[in-house]
Amino acid sequence: MFKGKRALVTGAGRGIGRAIAVELVKNGAHVVALSRTIEHLVTLKNEVPSIETVSVDVADWKQTETIVKELGPIDLLVNNAGIGVLQEVGSITEEAFDDVFAVNVKAVVNISQMVAKGMKERGTGGSIVNISSQAALVALHLHAVYCASKGALDQLTKVMALELGPFKIRVNSVNPTVVLTDMGRMAWGEENVAREALSKIPLGKFCEPEDVVKAVIFLLSEDAGMITGAQLPIDGGVKIWRRNSTANVLLLLEPDEIPEIETVSVDVRNWKETESAVEELGPLDLLVNNAGVISLQEFGTITEEEIDNCFAVNVKAVLNISQIVAKSMKERGEGGSIVNISSQAAIIALPNHATYCASKGALDQITKVMALELGPHKIRVNSVNPTVVLTDMGITAVKSYGDFKSVEETLKAKIPLRKFCDVDDVVKATLFLLSDDAGMITGAQLPLDGGYIIQ
């Protein structure tokens, strides 16, 4: 996957960083593992002799700058080094604040600037993943400084994505809940502490290091080529708590295009007909709710008929089909995975798209509630939220603003990666979310928008 690529992983001596470094080697990358602790690097080098190791304290700006400049070209960067200090508000010290921000924020700026400069000069693009935390998204008792540092990291991720996108450099973060590294087990191993935390996670489990590794590898890869500026929660659905077949692939295929696919024809707007058709399909392990319609009307001219038609397909049909499929998944007790095809229209306002935006906003909230309620049954539910995809429907939407070419140029200028989505981008993200590689991800909205919504 990464043959010929050079990767730098910070905080790579143990835990998540070490696991990422090892997996990158397995996927063909030449890896530079950076850590403060020489002993950890020695054991890593013994385990994987091909890994290049470097020891430096990333809190030291000048020393880190000197070391990283000497590493040569880097194509992939994982900013994993991080520390935490637990202090109650009222007892937070300047020293604790400076220590945490020096590693969790300043070091990311320092290292990323040097690596990105090389990427820009070579003109070959690159990918950066910052290891953030659920602490960037929710408040945690005694974690004020740590939460602030991870909130800063997420905003830094977005601005980096915005400014580096035109140079084909993608920047994303992963935001895990408790990860059961040695440190994580020590902090959360006590039964009473673990029980309280787990009760707030719909999937009922903490992260394993592999959950983070798989998400990082996906975001670094070309499979995530249209994803930048995203925060990918690997939290079993905790964020939504705190604040092989599909039911509608059937409408799109010629019977002889892929003979092994079973096809069914039904108008998903018809609740009863769809219900009957889906119930007859037998057990399903994977569901992609992709059927959708678009309604383009200026606010003030929207008709009841347009609203009913749009919501019947984009929202009600998803509920209807998902309820039938999820019921069977629950009865079999084997879990499952559902992906709803949403849109950037669920996140930002688009002129003449009031009904469509409303329907996709409803879909994203349904996704979160489904994830919350189905998580205990080992059923994961996520959405993908693409920008313009140049299908027939996407082309129609672009043309609604005027001459296609001029509108296309104007819209692309607002997307940091300077391109629209290909169908393949959506396919790859959907397959990732359906797979066990995303086993700790539920209730997430994954933007496939080239960084558009971070602006």
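Residues numbered from 1 in each chain as written. Predicted model: local features only at pLDDT ≥ 70, side-chain atom pairs only at ≥ 80, totals over all residues. Heavy atoms only, no water.

**Digging into helix H1 (residues 15-26)**
Along its 12 residues, H1 runs 17 Å from first to last C-alpha, staying within 8% of the 16 Å computed at 1.5 Å per residue. For H1, the complete set of buried residues consists of Ile-16, Gly-17, Arg-18, Ile-20, Ala-21, Val-22 and Leu-24. Where the residues of H1 are buried, they touch strand E1 (6-10), strand E2 (30-35), helix H2 (38-47), strand E4 (76-79), strand E5 (126-131) and helix H8 (209-220). After H1 finishes, the residue Gly-28 shows a positive phi value of roughly 95 degrees. (Helix = DSSP H or I, 4+ residues; strand = E, 2+ residues; numbered from the N terminus. Expected span 1.5 Å × (residues − 1). Buried < 20%, exposed > 50% of the residue type's maximum accessible area, 1.4 Å probe, protein only. Contact = heavy atoms within 4.5 Å.)

**Considering the sheet that holds strand E3 (residues 52-55)**
A sheet is described by the order of its strands in space; here seven strands give the open sequence E3-E2-E1-E4-E5-E6-E7, paired in parallel fashion. Strand pairing shows two members of the sheet lacking a second neighbour, E3 and strand E7 (231-234), which therefore form its edges. Neighbour-to-neighbour, the strand axes of the sheet open up by a mean angle of 15 degrees, direction not taken into account. One ladder, built from six bridges, connects E5 with strand E6 (residues 169-176); its direction is parallel. (Pairing = 2+ DSSP bridges. Axes fitted to C-alpha atoms, helices over the stretch in contact; angles between N-to-C directions.)

**Looking at the sheet that holds strand E8 (residues 286-289)**
With parallel pairing, four strands are arranged side by side in an open sheet as E8-E9-E10-E11. Each edge of the open sheet is held by one strand with a lone partner, namely E8 and strand E11 (445-448). Neighbour-to-neighbour, the strand axes of the sheet open up by a mean angle of 20 degrees, direction not taken into account. Two elements, strand E9 (residues 336-341) and strand E10 (residues 379-386), share six bridges in a ladder whose sense is parallel. Counted as the bridge partner of Gly-336 is Ile-379 from E10. In this fold helix H15 (residues 423-434) packs onto E8, E9, E10 and E11, with an angle of close to 165 degrees to the strand it touches most, E10.

**Re unusual backbone geometry**
One non-glycine residue, Lys-168, adopts positive backbone phi at about 65 degrees. Mapped onto the secondary structure, Lys-168 falls in the loop between helix H5 (144-164) and E6.

**Things to note about the environment of Gly-13**
Mapping Gly-13 onto the fold places it in the loop between E1 and H1. Owing to a relative accessible area of 3%, Gly-13 belongs among the buried residues under this scheme. Each C-alpha atom, one on Gly-13 and one on Thr-53, is 9.1 Å from the other, the two residues being 40 residues apart in sequence. If we ignore the near neighbours within four places in the chain, the residues touching Gly-13 are Arg-18, Ser-35 and His-40.

**Topic: the nonpolar core**
Membership of the largest hydrophobic core comes to 61 residues, with the highest contact counts inside it found for Ile-20, Leu-24, Val-174, Val-216, Val-384 and Leu-446. Here this core takes eight residues from H8, the largest share from any one element. Once residues within four sequence positions are removed from consideration, Val-384 is found in contact with Val-339, Asn-340, Ile-341, Ser-342, Ser-343, Val-426, Ala-429, Thr-430, Leu-433, Leu-446 and Leu-448. Counting 28 residues, the second-largest nonpolar core is a separate cluster that includes Val-54, Met-114, Val-115 and Ile-169. (Core = buried A, V, L, I, M, F, W, Y, C linked by side-chain atoms within 4.5 Å.)

**Details of the pattern of salt bridges**
Across all of its chains, the model carries 11 salt bridges by this definition. One salt bridge connects Arg-18 with Glu-47, and the closest N-O pair in it is separated by 3.1 Å. With Arg-18 in helix H1 and Glu-47 in helix H2, this pair connects stretches of sequence that are 29 residues apart. Here Asp-75 and Arg-122 are joined by a salt bridge, their closest N and O atoms 3.6 Å apart. Within this pair, whereas Asp-75 is found in the loop between helix H3 (61-69) and E4, its partner Arg-122 is found in helix H4 (residues 94-122), the two being separated by 47 residues in sequence. Residue classification places Arg-122 among the partly exposed residues on the basis of a relative accessible area of 34%. Members of the salt-bridge network, linked through shared partners, are Asp-223, Asp-424 and Lys-428. (Salt bridge = Lys/Arg side-chain N within 4 Å of Asp/Glu carboxyl O.)

**Let's talk about the packing of aromatic side chains**
Taken as a whole and assessed by the stated rule, the structure comprises two aromatic pairs. Centroid distance Phe-97 to Phe-101: 4.3 Å. Interplanar angle 15 degrees. Geometry classified as stacked. On the criterion of helical spacing, the pair formed by Phe-97 and Phe-101 is a turn pair, its members being four residues apart in helix H4. Its relative accessible area of 36% is what places Phe-97 among the partly exposed residues. Classification of Phe-101 as buried rests on a relative accessible area of 16%. Here Phe-218 and Phe-432 contribute two aromatic rings whose centre-to-centre distance is 4.0 Å and whose plane-to-plane angle is 5 degrees, an arrangement assigned as stacked. Of note, Lys-120 hangs over the ring of Phe-167, and the distance from its end group to the ring centre comes to 4.7 Å. Positioned above the aromatic ring of Phe-420 is the side chain of Lys-412, whose terminal nitrogen or guanidinium carbon lies 5.4 Å from the ring centre. (Phe/Tyr/Trp six-rings, centres within 6.5 Å; stacked < 30°, edge-to-face > 60°. Lys NZ or Arg CZ within 6 Å of the ring centre and 35° of its normal.)

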